[in-house]
Amino acid sequence: MRLPNKTDIIKKTAFEKRDYMERVCSADDRIIAALDVDSFEKMESIVEELGELVSFYKVGMELYYAEGSKTMEWLHEKGKQVFLDLKMYDIPNTVAHGISAVSGLGIDLITIHAGGGRDMMEAAVQAADEAGRNNGRRPKILAVTVLTSFDETVWKETGGLLPIESQVFRLAKLAKECGVDGVVASPEEAKGIRELCGNDFEIVTPGIRPAFADADDQKRIATPAVALNNGATRLVIGRPITKAEDPKKAVRMILEEIRENKK
């Protein structure tokens, strides 16, 4: 039996390191990087820099209002999934037309406000169903419950009578009844929503702050691993990635944090 020489050991170590990095650094489509920028060029720069590390991106009001549908067309050309976060909130007919207007862009997830009520949510679902029949691709509808920038003090200032958690559960249950595919809620409420709405319900959680990041203006937050272990299906992460000194390193750290703390 031949004993391994120094070259064998170096090759084995290099292989193991490469294998580890591939496992840790491959894209995880549960992570949605938020493109909270105001120009096509800034979006391009972020996506190009992150490369294959991120497969799912959020286009919110700031970018959509500044640059429109070409942002989503470009992302699809790059093979990325798109979460269009416009938080539609209006009378049922207007929201239904809004869903119809953007569904043809090949979007994967679209947000409406659960606070718009039963008729509005049902109209949004019907519009998405029709888009699926017409385009062969149905976007998933997500209902926003209570924004993660709210804490109990601010919530009461706006007239909230129930505790935030109770209101979130109430809206999630209503959204499920309306045929909505899932909700946007804080990671603090994810476990309760999962128990209430079952395993086939999307729970997308903003307010994600990795162990290395600051809270910024978010109030109801959690680390990526905690949010996923609580029942979240996808995590929206913005500033901890896009404002990091080294965005690629930040994504790698998030991926590692998730995999090391997976239950």
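The rules we used
- Residues numbered from 1 in each chain as written.
- Predicted model: local features only at pLDDT ≥ 70, side-chain atom pairs only at ≥ 80, totals over all residues.
- Heavy atoms only, no water.
- Buried < 20%, exposed > 50% of the residue type's maximum accessible area, 1.4 Å probe, protein only.
- Helix = DSSP H or I, 4+ residues; strand = E, 2+ residues; numbered from the N terminus.
- Pairing = 2+ DSSP bridges.
- UniProt positions renumbered as here; feature names shortened; annotations may be inferred.
- Contact = heavy atoms within 4.5 Å.
- Polar contact = N/O pair within 3.5 Å; in protein donor to acceptor, adjacent residues only side chain to side chain.
- Phe/Tyr/Trp six-rings, centres within 6.5 Å; stacked < 30°, edge-to-face > 60°.
- Lys NZ or Arg CZ within 6 Å of the ring centre and 35° of its normal.

So what's going on with the pairing of strand β8 (residues 234–237)? Residues and values would help.
Of the two faces of β8, the one holding Arg234 and Val236 and the one holding Leu235 and Ile237 are both buried throughout. Pairing of strand β1 (residues 31–34) with β8, which is carried by 3 bridges, proceeds in the parallel orientation. Looking across to β8, one finds that Ile32 is bridged to Val236. Of the strand pairs in this sheet, strand β7 (residues 202–205) and β8 are connected by 2 bridges, and their pairing is parallel. Bridge pairing links Val204 to Arg234 in β8.

Please set out the UniProt feature "active site" (unreviewed entry) in the protein chain residue by residue, giving values where relevant.
UniProt marks Asp85, Lys87 and Asp90 with the feature "active site" (unreviewed entry), using the numbering shown here. Mapping Lys87 onto the fold places it in strand β3 (residues 81–88). Residue classification places Lys87 among the partly exposed positions, given a relative accessible area of 22%. Residues in contact with Lys87, not counting those within four places in the same chain, are Met61, Thr111, Ile112, His113, Val144 and Leu147. A distance of 2.8 Å separates a polar atom in the side chain of Lys87 from a polar atom in the side chain of Asp85. Relative to the helices and strands, Asp90 is located in the loop between β3 and α5 (92–103). When sequence neighbours within four positions are dropped, the list of residues in contact with Asp90 reads Val95 and Met120.

Any details on the packing of aromatic side chains? Residues and values, ideally.
Enumeration over the complete set of coordinates arrives at 3 aromatic pairs. A centroid spacing of 5.6 Å and a plane angle of 90° characterise the contact between Phe150 and Trp155, whose relative ring orientation is edge-to-face. Comparing Phe150 with Trp155 shows no difference in burial state: the two are buried. Over the aromatic face of Phe40 sits the side chain of Lys70, whose NZ or CZ is 5.2 Å from the ring centroid.

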